[in-house]
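Overview (structure and organization)
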Amino acid sequence: MKNTSVKKIPKKKSEIWIALLFSSLWIIGFLVFSLYPLIQSLLFSFNQVNVTPTEIVQTNVGFENFRAVLFDDPDFRNALRTYLIQMVVYVPIIIVVSLVIALLLNTIRKGKGFFRTIFFLPVIISSGPVIKQFIDQGVASFPGGQDVINIDALNTMLPSFMVEIATTFIDSFIMILWFTGIEILIFLVGLQKLDKSMYEAAKIDGASSWECFWKITLPALNPIIVINVIFAVIMQSMFDLNPIISKIRADMYAVEFGFGYAAAEAWIYFVILLLVLGIYVLIFIRKPSRKVKHD
C-alpha cells in the first residue's frame, strides 16, 4: 500500500504563525506610526526644516540645533529644571501614597470594588485641560499651605533648589494624588498574590505587624514598586502640562525655531527621560542578598 499520509505542520510552528498573524497589525502600526516618525524626527534634528506649500526643505546644520538648545536657550533650561524638580517630588509621593492606600484597601472585606472605582476614577478624567482648570482655581495645592510655611524664611536657610522642591510639594500635592489610581490597582494585585502562610509563620515567631511589613511585604513587592516607578516617571513625563512638552509644541511652529529645532529638543528630552528612569530604577530595585557559606 502507498503511504498517503499528509505531512502535518509541527504544532509549535503553527502556533508561531498564528501569533505572528495576530500581532502583524501591531507590528505594521508600530513601523508606520512609531518607528518611521522617530527616524524622521532624528533626521529633522540635524537639519533646518522649512515647510513650504509644496514641499519640506531641509538644510543640514549638523549638531547646531543640539548646541543651540543646550547652550543658547534659557527657556529650555528653565523647563528642564522644572521637570527635574517635578520628578523629584511627584514620583516618591505617588509611590508612597499609592502603596499606603493599597494596603488600606487590601484590608477591606466588603465594598472593595466600590473603593477601587473611586480611586481609579480620577485617572479617567485627569486630562490636561481638567488639571489646568484645577490649577487655575487653586484646588491643586494644600489649602492655606503658603500661609503655614514661610517661604521667605526657607530662602534664608535652604538652597534655592530645596526651596523649589518644597514649594512644588505644597502647590501640587493634591494634584499629585490624582495620578495614583493605576499604581494603587497594581499594588493591590501584588498584595493579593502574597502567600499568607509567610505572615502566619512570622506571627508564630513573634514578629509584629510593622516587622512583617518591612521584612515580608516590602521585599516581596519590590518588583511591583519598580514597575510603578517606571509607569509614574513615564506618565508624568508624557503629561500634557509637562513644561518641556509645552515648549517643544510651541517651538515646532515658531518661525525662529521650526521642526528641526523642536526635534532636537525632543531627542535631548528623550535622553534625559532615560537617565531619570534609570536613576529611579537603580534607587528602588532591590538586589538579591548573597548568602555567605561557612566551612
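Scroll up a little and you will see the structure.
In what follows, the accompanying structure is described. Model, not experiment: these values are computed from the prediction.

Bringing the pairing of strand E1 (residues 47-51) into the picture now. Summarising the sheet, E1 and strand E2 (residues 56-60) pair through 5 bridges and their orientation is antiparallel. Bridging across to E2, Asn50 finds its partner in Val57. Between the end of E1 and the start of E2, which pair antiparallel, lie 4 residues.

Looking now at the pattern of salt bridges. Tallied over the entire structure, the rule returns 5 salt bridges. Where Arg67 meets Asp72, a salt bridge forms, and the shortest distance between an N and an O atom there is 2.7 Å. Relative accessible area serves as the criterion here: at 34%, Arg67 is assigned to the partly exposed category. The exposure class of Asp72 is partly exposed, given its relative accessible area of 47%. One salt bridge connects Asp251 with Lys247, and the closest N-O pair in it is separated by 2.4 Å. Within this pair, Asp251 and its partner Lys247 are both found in helix H13 (residues 243-252), separated by 4 residues, close to a single helical turn. The exposure class of Lys247 is buried, given its relative accessible area of 10%.

A separate point is helix H12 (residues 222-237). What sets the pattern is the α-helix's 3.6 residues per turn: residues three or four places apart point alike. In this model H12 runs 22 Å from its N-terminal to its C-terminal C-alpha over 16 residues, within 8% of the 22 Å that 1.5 Å per residue would give. Every buried residue of H12 is accounted for by Asn222, Ile224, Ile225, Val226, Asn228, Val229, Ala232, Val233, Gln236 and Ser237. Its buried side turned inward, H12 meets helix H3 (74-106), helix H9 (181-192), helix H11 (209-220), H13 and helix H14 (259-284).

By size, the foremost hydrophobic cluster in this structure holds 49 residues, and its most contacted members are Tyr83, Val91, Phe187, Val233 and Ile244. When residues of this core are traced back to their parent elements, those giving at least two are helix H2 (64-71), H3, helix H8 (160-177), H9, H12, H13 and H14. Tallying contributions element by element places H3 first for this core, with 17 residues. In contact with Val233, other than residues within four places in its own chain, are Met87, Val91, Leu273, Val276, Leu277 and Tyr280.

About the cut-offs
Residues numbered from 1 in each chain as written. Predicted model: local features only at pLDDT ≥ 70, side-chain atom pairs only at ≥ 80, totals over all residues. Heavy atoms only, no water. Pairing = 2+ DSSP bridges. Helix = DSSP H or I, 4+ residues; strand = E, 2+ residues; numbered from the N terminus. Salt bridge = Lys/Arg side-chain N within 4 Å of Asp/Glu carboxyl O. Buried < 20%, exposed > 50% of the residue type's maximum accessible area, 1.4 Å probe, protein only. Expected span 1.5 Å × (residues − 1). Contact = heavy atoms within 4.5 Å. Core = buried A, V, L, I, M, F, W, Y, C linked by side-chain atoms within 4.5 Å.

Remember that the coordinates give geometry; whether it matters functionally is a separate question.
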